[in-house]
Structure formats: structure tokens, C-alpha cells
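Each chain is listed here by its residues.
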Amino acid sequence: MKASDLFIKALENEGVEYIFGIPGEENLDMLESIRNSKIKLILTRHEQAAGFMAATYGRLTGKVGVCMATLGPGATNFATSAAYAQLGGMPMLMITGQKPIKKSKQGRFQIIDIVRMMRPMTKYAKQIVNGNNIPSVIREAFKIATTERPGAVHIELPEDIAAEEVDDNIYPVRSFRYPQANKDAVLDAVQRIEKAKRPLLLIGAGANRTRIGNALTHFVNETGIPFFTTQMGKGVVDENHKLCLSTAALSKDDFIHCAIERADLIINVGHDVIEKPPFFMENDKNATKVIHVNFFPSEVDDTYFPQLDVVGDIASSIEALTKAVSVQEHWDFDYYKRMAAEIKTHLSKYFGETKFPVLPQRVVRTIRQTLEEEDILTLDNGVYKIWFARNYRCARPNTLLLDNALATMGAGLPSAIAAKMVNPDKKVVSVCGDGGFMMNSQEIETAVRLGIDLTVVILNDNAYGMIKWKQAGMGFKDYGLDLGNPDFKKYAKSYGAKGYRPESSEEFAQTLEKCVNSKGVHVIDLAVDYSLNHKILNELLAEKKCLL
């Protein structure tokens, strides 16, 4: 059989449903093989967006999302997507084409060393030089992409290799089980937890896996130990739980840090230093101690150096801790419980604000009231991400998709498209800043062409608002960050979507309700007021008093 047919057969063997991307002439054998397969090609308008879609597919399903591009510029457009998946812990395979490697008559035209480029940004990058090796290379790539920590892998299939005749030899897919943590490490953790006076549980992105959420919920219910989350750990345990404090949306100087500073022990589940730090450790004998519970050992960093590692399958580790930890009379959670109520009061302060342009806090409240617990909200990257991380409570895992690892702009819309494809029965809303939206806005056409139902909310401040906030926080003058935007209503219409421009916070709520319950692609151009960002996030929080 032809090597490209064997390649697609191997992908089918791995359970691949979609390939996102833009084929080039070097992929034409592959394209023909896809046409004759069960796999559906999702043609996008930019390779970067295809990579974001594949990574999001991997994040939501736990399976490998697959994307494809040609050589040269098509492959280099995958660079940001590769870093997005790699830092975000999302299993993804990138397939790129290449000129013939046995005989080429085009010199070095469009040729760069893509495999070498990809190696620092992936877990595995390989060029196939013999078509008979395709099944083993694909099996190895899929295994590497999905084992902890999940991430990006890359395979380059040259044009002449894709066309050659090969033997049919597919490898069976076998499940992988993680070892359980060392019993002595678990016992050490139990003793530290029981000895502590104010233990506190932190839930990170690595806990957002099958089984772990249930295990952590049981742990919280049995021990009564309060918890908080990182941005990418939201929803692993229901944030409406009475023992949930909040999310560490900032690294310091937020209300949640009042509770963190009172803790003498933090049980840190599923976090690593790739995600923006939820708190900073201090190298002091009297400082808060940390137990690292994860699939892999901790990496020592200036902000993170745990005193104990419990390494192994996280769900099994938490189940073992739940069975072994005895509730202690000397545990004192009174401050945490009062802090939880105080945090809710502070975070809800502007929920009812009706001024226009709309405050981000009101936007968060409106979207939370409109969507059901199981519906999905995706974020691009901007200053609004902080308000959603702090104020948007998630009852289910993976119902708020944000990126707190690479934190790239341009991913919000593509990730929403993939989320809707994976969850066609759920409502999906994407919130983007005007800057981030325009980085991949062309994918509105992809969403329209696919016939999916999707609502996009553009928070429009005609500027790069996140950097403006940082600029003000550093005491610099307002300079160099203002934008000019198209008419987003007309822009949406030009793609076949529907555009809206609410003129009040009440009209926004009504428009959003209408859009999420209607067919088609809807784009809401919403004027946002970030004028309080500096005062609240830079000044008031830094001056707060951790007293109740």
C-alpha cells in the first residue's frame, strides 16, 4: 500500500476523528488518503488556528489532537501552537510535509529544518525517512504525547516518502497505567497534614484529568480541608463548594493570599512551575511548607521548592491520603471560612454595576448567569482573564478554557470552535479582547462553513488593555498601545455571521441570551471599561489588610 495510506490507517488505529489544518502540495498524497478515510479534514484559514484547535481537542478529550501543514511557512506557523500545547499540557500531533529527500530539483526553495526547529518546543520531533517505519513512529508519538506531562509532538512526512509503496504493519494501541506513589512518601504526607494547624489544598492544571476530580472532592468532603485553585485548575472540584476559597488569579496581593499566608502547609495537587505561580514560596524555616502531589517530581524554582514530593498517579495518591488522614481536633479553619465569605463579598462588588461601557466584573456576572454549569466558556488572553479567573465560578472541569501557561493571544476563537465540535450539545461562548480577536478573526469563516453554533464576545477597548494595565502599574505614561478596529458588526456579516453592538449592560445581557439560544455564529462587539483595573489590581489590593 502507499505510505500516505498507511499513515492515515495508523491515525485511524489511534482513534483520530479530525485533522485540522491547511494542506500544501507536499501533502497531496496525504490529502487523497484522508479523502478515502473515516477521518474528517477541518480546513482552517491559518495553521496557527489549526494548532490551537488540535490542542484544545486534546485538552478536552485526553486524546491526541492532530493538525497538518505543508513545509516552510506552513510549518513555521505551527510554532506558537506547539508552545501552546507543550506548556499547557495538551496532547497534540503536528504533521508537516517536506520536499522529496531522495531526489529534489528545487534546490533549497522553502526548505528549513522544521524538525530541528520543533525539538525545543515539543516532546518528540522526527522526520520519516522510510515509509515502513510509519506505524512505529506514530505509535511512539501518540504514546509520548499523552503520557504525563502531555504535550506536543511532531512528525515530518516528505513528499517522496508519502508516495512510496510500503508493507501494511499496524501496531496495537495499549493503555498505560501510572505507578502508585511510594508508600513511605504517602505516610510522610499524612503525618505532615495531621501535624499542621492550618493545612490548605491547592488544585492545579495537572489535576484536571479523569478520576482526579472525584478523588479530590471526596478528599475535601472527608477531611474538611478548604481549597483554592490555579487558573487552569478551576472546576476540578465544584467552586460553589462551601470550602472553596477562590482562584489564585494573581501571584500575590489578592484576597486569596490572605488565606495562603495563614496556611502552615499547602497540599499542592497537579501544579508545576509552567503555570503562572499562584503564590511565592519563601526560603525561611518558618515559611509555609508545601507537599507536591503530581505525576512527576517537582522542579526546583525560585518561587517553588516543596519539602515533600508524592509522585505517582494523582487519583491514587489522593485516594490513599483520604483513607489515611484522620481529622484532627487541633485543625483551625475558622479564618479560612471567614475569608471565603469575605472574598465573595469583595469579588461581587461590581456585579450589579450598570454603567456603560461595561465593567469586566459585570461582563463576568452576565455570562455566568446566562450559561449553564456544563456549558463552555473560552478566553483569549487579555486583562479580562484576571477578572474571569477571580469571579467566574466553575462547577465542572474544562468549562472555562483559559491559557495560563504560554498565555498567547489569538487562541480564544479557535479553541471555541474545537470545544463546540467536541461538545455539540453544550453552549459555547468565546470572550476575546479586540486585539486577540483580530489575530485569528479569519476563523469566523471556518465556524460559519462548519455550520456550528457559537457566540463570540469581543471586549472592545480599542487598545492592548493588558499591557496598558502593566504600563500604568510601572508608572509609565500611556503610550503606544491604542488601536483602530473595523466595524465588527459589518465584519461578522461579511463572513456570514450575525453582528451586534449593545449600547447598555442590560442590552448586552438580552443580546447574549438571544445569541446562545440561537443557531449560527454570533459576534457581539461590547465596549468595555478598564478604567478601574489599575486602581483595584495595582493599588487597592496591595494596600489591603488581611484582618477580619
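Residues numbered from 1 in each chain as written. Predicted model: local features only at pLDDT ≥ 70, side-chain atom pairs only at ≥ 80, totals over all residues. Heavy atoms only, no water.

**Considerations on the layout of surface pockets**
What counts here: Residues are called lining when one of their atoms sits within 4 Å of a cavity or pocket point, these points coming from a 1 Å grid over the protein atoms alone, where a cavity is a set in which a 1.4 Å probe fits but cannot get out and a pocket is an open set with protein on both sides within 12 Å along at least five of seven lines. Grid points are joined across faces, edges and corners, and a volume is the space filled by probe spheres set on the points. Strands are runs of DSSP state E lasting at least 2 residues, helices are runs of H or I lasting at least 4, and numbering of each runs from the N terminus.
Each pocket or cavity is described by its volume, and for the second largest pocket that value is around 520 Å³. Lining the second largest pocket are 22 residues; nearest its centre among them are L250, S251, K276, W469 and K470. Only α15 (384-391), α19 (465-473) and α22 (533-543) provide two or more residues apiece to the lining of the second largest pocket. Ranked by residue count, the leading element in the lining of the second largest pocket is α19, at 4 residues.

**Observations regarding empty space enclosed by the protein**
To be explicit about the condition: Basically, the charged four are Asp, Glu, Lys and Arg, the nonpolar ten are Ala, Val, Leu, Ile, Met, Phe, Trp, Tyr, Cys and Pro, and anything else, Gly included, counts as polar.
Taken as a whole, this structure holds 5 cavities of 30 Å³ or more when the rule is applied. Reported here for the largest cavity is a volume of approximately 130 Å³. Its residues assigned to classes, the lining of the largest cavity comprises 6 nonpolar, 6 polar and 5 charged. In this structure, the second largest cavity encloses a volume near 60 Å³. Taken together, R59, Y84, L379, D380, N381, L401, L402, D403, T408, A411 and S415 make up the full set of residues lining the second largest cavity.

**As for the sheet that holds strand β7 (residues 199-203)**
Heads up, the condition is: Pairs of strands are assigned from DSSP output, requiring at least two bridges between the strands. Only C-alpha atoms enter the line fits that serve as axes; for helices the fit covers just the stretch in contact. Angles between N-to-C directions range over 0 to 180 degrees.
The strand order across the open sheet formed by 6 strands is β9-β8-β7-β10-β11-β12, and the pairing between neighbours is parallel. Because the sheet does not close on itself, it has two edges, and the strands there are β9 (244-247) and β12 (308-311). Strand after strand, the sheet turns through a mean of 20° between neighbouring axes, direction not considered. Direction of pairing for β7 relative to strand β8 (residues 227-229): parallel, over a ladder of 3 bridges. Bridge pairing in β8 places I203 opposite T229.

**Quick notes on the pattern of salt bridges**
Test applied: A side-chain nitrogen of Lys or Arg and a carboxyl oxygen of Asp or Glu constitute a salt bridge if their distance falls within 4 Å. A simple rule labels every residue: compare its accessible area, found with a 1.4 Å probe on the protein chains alone, to the largest value its type can have, and call it buried under 20%, exposed over 50%, or partly exposed in between.
For the structure on display, the rule yields 24 salt bridges. Across the pair E164 and K102 runs a salt bridge, and its minimum N-O distance is 3.0 Å. Here K102 lies in the loop between β4 (92-98) and α6 (114-118) and E164 lies in the loop between α8 (159-163) and α9 (183-195), a separation of 62 residues in the sequence. We classify E164 as buried; its relative accessible area is 17%. Note that D188 and R192 form a salt bridge whose closest N and O atoms lie 2.9 Å from each other. On the criterion of helical spacing, the pair formed by D188 and R192 is a turn pair, its members being 4 residues apart in helix α9. Looking at R192, the relative accessible area reads 29%, which means it is partly exposed. Residues participating in the shared-partner salt-bridge network are R45, E445 and R449.

**Thoughts on the nonpolar core**
What counts, and what does not: Grouping buried Ala, Val, Leu, Ile, Met, Phe, Trp, Tyr and Cys residues that are joined through side-chain atoms within 4.5 Å yields what is termed a nonpolar core. Pairs of residues are marked as contacts when any of their non-hydrogen atoms sit within 4.5 Å.
Core analysis: the largest hydrophobic core is formed by 98 residues, its most contacted members being L201, L216, I367, L377, F388 and V431. No other element matches helix α13 (residues 334-347), which puts 6 residues into this core. When near neighbours in sequence (up to four residues on either side) are disregarded, F388 contacts K234, V363, V364, I367, L377, L379, L400 and V431.

**Examining the sheet that holds strand β17 (residues 498-500)**
Taken in spatial order, the 6 strands of this open sheet run β14-β13-β15-β16-β18-β17, and their pairing is parallel. Edge strands, defined here as strands with exactly one partner in the open sheet, are β14 (400-401) and β17. Looking at chain direction, strand β13 (residues 376-379) and strand β15 (residues 428-433) are connected through 4 bridges and run parallel. Bridge pairing links I376 to V428 in β15. Against the sheet, helix α21 (residues 505-516) makes contact with β15, β16 (454-460), β17 and β18 (521-527), and its axis sits at roughly 165° relative to β18, the strand it touches most.

The values reported here are purely geometric and, on their own, carry no functional implication.
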